Amino acid sequence: MTSGNRYSSPPSWPDETPEPANQPASGAPTRRIARILLLFGLAILLFWLGFKAWRVYQATQSLMTVEAEARALMAGGISQLDPNAAEALVLGARSNIAMLHDELSFIRPFAPYLGWIPKLGPTLVASPYLLDMADAGSEAGALAVSSLKPALAIFQRDDFSAMRLGELLPVFSAAAPDLEAATDALRRYSAAREELDGAIEAEALPWRVRQLLQLSDKWMPAAEGGLSLAPYLPELLGQNGVRQYLIMAQNEDELRATGGFLTGVGLLTVENGQIRDLDFGDANQVDNWREKPYGFPPQPFYDFMGLELFLFRDANYWPDFPTSARKALELYAYGRDVPLPDGAIAIDQEFMRILVDATGPVPIPGTDQTITADNLLQTLRQARDIQEGQEVREWVNDRKAFLSGFAAAILAKVEMDFGSIDPVKLAESMTGAIQNRHLSIYMRDTEIAGALGATGWDGHLPQSPPGDFWMAVDTNMGYNKANILVERAFTYDVALGNQPAATLTIDYRHTGPAGEEPCMQGVEDEFELAADYLALADQCYWNFLRVYAPLGSKLLDSSHHVVPKETLLVSDTWDSDGQVIDDLPWLTTFANFLLLPRGETASAYFHYELPAGIIESDGADSIYNLSIYKQPGTRAEPLRLTITLPEGVSPLETHPAPVQVGGNRLVFDIELNANTEINIRYR
C-alpha cells in the first residue's frame, strides 16, 4: 500500500501534459500579433484623422479669404466685376466646400449627441445641415456663374443697353441645363435649411453663423425665383416671336382682392428681347359694353354696389391671382377685340415706389417733373386731381392720363439710362415686392406657370394647404379711397384639442376725424364738383370681408353686422351674421358685410371648427403647421396669435419662437408683411 495524501496528485492525462516552464504559452504569439495589428490600425486611424484635419484646415483657411476677395471684386459693382476672376473665386470656394463636406461626413452620425460640449456643442449639432447647405449652395453658385459668365461679359460692354437685351437670349438658352441643375441644388439647400431649424434654435449658434444664415435667408427667395425662371427668359422675352403681357395697375387706396381697384391697364409688347410697345391707359376704357353683351358680375358686386355687368375693372375679384388674371385676360381680349395676351402682371402704387427707388429718379418727358421714391405717391394723387384752367368734362376724360406718361417715363429710363440702374438693387427690390405682395405674375404657358407657382411669384392660394391656413380679404365697396385711412389688426386663437377650433378677429380703425355728416355710399358729386383725391379718402368704409380657411371648416359663430339701407345706393339693409359662400372650390370661405364710419372702430370675427387632419403625426410627436397669407396691397399689419395645445402635452420645437409660453399655451406677436408660416412640434 502506497503511503501519502491520495488527493495530492491527480492523474495526468496524455493531452494535459504541462509545458516546460521555460517555453512560452501557445496564445502569446496571437496576442502579440493582435497588439501589433491594433497599434498599426491606430496609427492608420491617427494618420487618417491627421490627413483629414490637414485637408480641413487647408480648405477652411482658403474659405476664410473668400468673403474679403468677394467684397474686393464687387467693390465697383457688376459693371466692373471681372468675369474670369469671379468664376475662379466661386469655383475655388466650391472645391473647398465640397472637400469639407466629404472630409467631415464621418461626424454626421455623432453630431446630434454632441450638444453637451461647451461652446462648440450647438455648432457640432448643426454641422451636418450647415455642410449640406454650403455644399448645395456652392454647387448652385458654381453652375450659375460658369453658365452665365458670357452674359456678364455682354452686359459690361460700353454699347450695351436695354435695347440690346436680345443678345443675352442665346446665352440663357445655352445655360438652361446648368440653370436647372442649379435650381435643383437650391432645393437641396432649402431642405437642409428647414432641417437645421428643426434641429437647433438659431440663437444657440455663434454670431457669425447667425449672420450668414440671415444673409442667405434674405437672398434665397431671389436666387430660387431667378434661377427657376432664367431658363424661360428667352421665351418670355420673345426669342421665338412676339409676346404680349397685360399690366394691371391697381390702387390699394381702394382695396380689392389682389391688391386694389383696377385703375389702369397697359399692354407690353416684347420681341427678341426688346420692348416694342407699351400702351397704357384707363382701365374703364377697356370694355365695349355699349355694343357687346357682358356677363353678370359676382353676386356681392350686385348686392352691395348695384353692378349688373362684369367689366374689366372688377376682374380681380378673387384673391387667387391666377383665377383673377385669367378673367382679366379674357375681358381685355373681349373688350378690345384682340387675341389673349400671354400673361398678366399686377402691380400697385407701392410697387411703383419700390421700382423708382431701385431705378433712381425718373424725369417725366415733356414736363419739368422728376418722380422719386419720396414724392411718387403724392405725385400720383395730385396728377389725378383737376388741374388749373382745366374744364371738368376734359378732366373726367383725362384724369388718368398721367398713367401713360409715367409708363413712358419708366420705359425711357430703362432704354436710355440703363447703365445707371443697379441690377443687384433692382433684383432685391423686385423680390421684396413679390414677397410683400405688391407684385404678382401669371403666365398662360403651363410650364412657365408651374415655375412661377413653385416660387410663389404668381400669387396663388394653395390648393391643398398642409395643416391650418387662413387669409383675410377686404373689398372696398364704397366707391371711394377710404383705405388710406383704415387700419387693421388681427387676433387668431386656435385650440388644438380633440376637435381643433379657431377664432379669427379683425379689428378695424378709421383714422380720419369723426363727423356729423352721415355715411352715404358712393360720391355722387365726384365728377360734378371734381372732388380732389383726399376728399375721396375721407369717407366711411363699406367692406365686403372674406376669410379663407381649409376646406371642410365649419362656421360655429360670428359677429353680427348691420348696414342701414339709407347708407347704401341700391341694397336693402344688411342685417346678418357671417355666412359660408361659394368662392374658391378648394377652400372654405366665410363672409360678411360691414360699415366703418369715419373716426370709429369696428370688429368682425369668425369662430369655426377646423377639419380633421390638420394635425400631422410623426411617430410619438404631433405637428401643427399654420400658413397665413397676406392680402396684396396692404401695409404691414399686427397679428396676435395664441395656440393652445392639447392637455398633457409639451411643445418640443416652435418656429418662430413665441413671445409667451404658459403651460400648453403659446403666444406669438407677428408683423404680417408677407405670407407667414408657423410650425409647432409637440408631444
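Residues numbered from 1 in each chain as written. Predicted model: local features only at pLDDT ≥ 70, side-chain atom pairs only at ≥ 80, totals over all residues. Heavy atoms only, no water.

Trainee: I would appreciate a short explanation of the overall build of the chain in the present structure.
Mentor: Counting its regular elements, the chain contains 17 helices and 24 strands. Across the 683 residues that make up the chain, the buried fraction comes to 48%. Partitioning the contacts of the chain with sequence separation of at least 6, the portion at a separation of at least 24 is 72%. Summed over its atoms, the accessible surface of the chain is roughly 33900 Å², and 56% of this surface lies on carbon and sulfur atoms. (Helix = DSSP H or I, 4+ residues; strand = E, 2+ residues; numbered from the N terminus. Buried < 20%, exposed > 50% of the residue type's maximum accessible area, 1.4 Å probe, protein only. Contact = heavy atoms within 4.5 Å. Areas by Shrake-Rupley, 256 points an atom, 1.4 Å probe, with all protein chains shown as cover.)

Trainee: What's the story with the sheet that holds strand E20 (residues 637–644) in this structure? I'm lost.
Mentor: Across a sheet, strands are paired by hydrogen bonds formed along the backbone, either parallel or antiparallel in direction. Judged by pairing direction, the sheet is mixed, and its seven strands sit side by side in the order E12-E17-E10-E9-E20-E23-E22 without closing on themselves. Both outer strands of the open sheet, strand E12 (554–558) and strand E22 (660–662), are each paired with one neighbouring strand and no more. Put simply, the sheet's adjacent strands are angled 15° from each other on average, direction ignored. Bridge analysis of E22 against strand E23 (residues 665–672) gives three bridges, and the strand direction is antiparallel. If you follow Val661 over to E23, its bridge partner there is Leu666. (Pairing = 2+ DSSP bridges. Axes fitted to C-alpha atoms, helices over the stretch in contact; angles between N-to-C directions.)

Trainee: Hey, could you run me through the state of the cysteines in this one?
Mentor: One pass over the structure, following the stated rule, counts one disulfide. Here Cys519 is linked by a disulfide to Cys540, with a sulfur-sulfur distance of 2.0 Å. Linking Cys519 and Cys540, the disulfide has an S-S dihedral of approximately -75° and is accordingly described as left-handed. Placement of the pair is Cys519 in the loop between strand E10 (501–510) and helix H16 (526–529) and Cys540 in the loop between helix H17 (533–537) and strand E11 (541–550), with a sequence separation of 21 residues. The two residues Cys519 and Cys540 agree in class, both being buried. (Disulfide = S-S within 2.5 Å.)

Trainee: What should I look at first to understand the sheet that holds strand E3 (residues 274–282) in this one?
Mentor: In space, the five strands of this open sheet follow the order E3-E2-E1-E4-E7, with mixed pairing throughout. Of all the strands in the sheet, the pair left with one neighbour each is E3 and strand E7 (439–443). Ignoring which end each strand starts from, the neighbouring axes of this sheet average 20° apart. In terms of strand pairing, strand E1 (residues 243–251) meets strand E4 (residues 343–348) through six bridges, oriented parallel. Counted as the bridge partner of Gln250 is Asp348 from E4.

Trainee: I'm lost on unusual backbone geometry in this one. Help?
Mentor: Keep in mind that most residues, glycine aside, have a negative phi and that most peptide bonds are trans. The step from His655 to Pro656 runs through a cis peptide bond, and the omega angle for that step is 0°. As for its placement among the helices and strands, Pro656 is situated in the loop between strand E21 (651–655) and E22. Non-glycine residue Asn272 carries a positive phi angle of around 50°. Looking at Asn272, the relative accessible area reads 36%, which means it is partly exposed. The phi angle at Arg437 is positive, at roughly 65°, despite the residue not being glycine.

Trainee: Looking at this structure, I do not really get the confidence of the model for the chain. What am I missing?
Mentor: Detailed reading of the predicted model is not advised wherever pLDDT is low. Of the residues in the chain, 86% have a pLDDT of 70 or more, and the chain-wide mean is 84. Contacts from residues 1–17, a stretch scored under 50 in pLDDT, to residues over four places away or in other chains number zero contacts. (pLDDT = per-residue confidence, 0-100.)

Trainee: What is the right way to look at the nonpolar core in this model?
Mentor: It is characteristic of soluble globular proteins that their nonpolar side chains tend to be buried jointly. Leu246, Met248, Phe312, Leu461, Trp542 and Phe593 are the most contacted members of the largest nonpolar core, which has 48 residues in total. Only E1, strand E2 (261–271), helix H8 (299–305), helix H9 (321–336), E4, strand E8 (468–476), E11 and strand E16 (587–596) provide two or more residues apiece to this core. The leading source of residues in this core is H9, at six residues. Trp470, Val494, Leu596 and Phe606 belong to the second largest nonpolar core, which has 40 residues in total. (Core = buried A, V, L, I, M, F, W, Y, C linked by side-chain atoms within 4.5 Å.)

Trainee: What should I look at first to understand the pairing of E16 in this one?
Mentor: Working note: regular strand, side chains alternate between the two faces of the sheet. Burial of E16 is extensive: 10 of the 10 residues sit out of reach of the surface. Residues Leu587, Thr589, Ala591, Phe593 and Leu595 line one face of E16 and the alternating positions Thr588, Phe590, Asn592, Leu594 and Leu596 line the opposite face, and both faces are buried. Sheet analysis places E11 next to E16, joined by 10 bridges and oriented antiparallel. Within the sheet, the bridge partner assigned to Val547 lies in E16 and is Phe590. Note: strand E15 (residues 579–581) against E16, three bridges, orientation antiparallel. Counterpart to Val580 in the pairing with E16 is Phe590.

Trainee: It is not clear to me how helix H14 (residues 423–435) should be interpreted in this structure. Could you clarify?
Mentor: Every α-helical turn comprises 3.6 residues, leaving residues that sit three or four positions apart pointing alike. In a regular helix each residue adds 1.5 Å, so 13 residues correspond to 18 Å; H14 covers 18 Å between its end C-alpha atoms and thus fits that length. Listing the buried residues of H14 in full gives Ser429, Met430, Thr431, Gly432, Ala433 and Ile434. Arg437 sits one or two residues past H14 and shows a positive phi near 65°. (Expected span 1.5 Å × (residues − 1).)

Trainee: How should I be thinking about helix H6 (residues 207–229) in this particular structure?
Mentor: Here H6 contains 23 residues, and its C-alpha end-to-end distance of 34 Å stays within 8% of the 33 Å for a straight helix at 1.5 Å per residue. Taking the largest bend as the criterion, H6 deviates by roughly 40°, centred on Trp219, and proline Pro221 comes between one and four positions later. For H6, the set of buried residues is Val209, Leu213, Ser216, Met220, Ala222, Gly225, Leu227, Ser228 and Leu229. Tucked inside the fold, the buried residues of H6 contact helix H4 (121–155), helix H5 (169–199), helix H7 (233–236), H14 and helix H15 (446–455). (Bend = angle between axes of the 7 residues up to and from the residue.)

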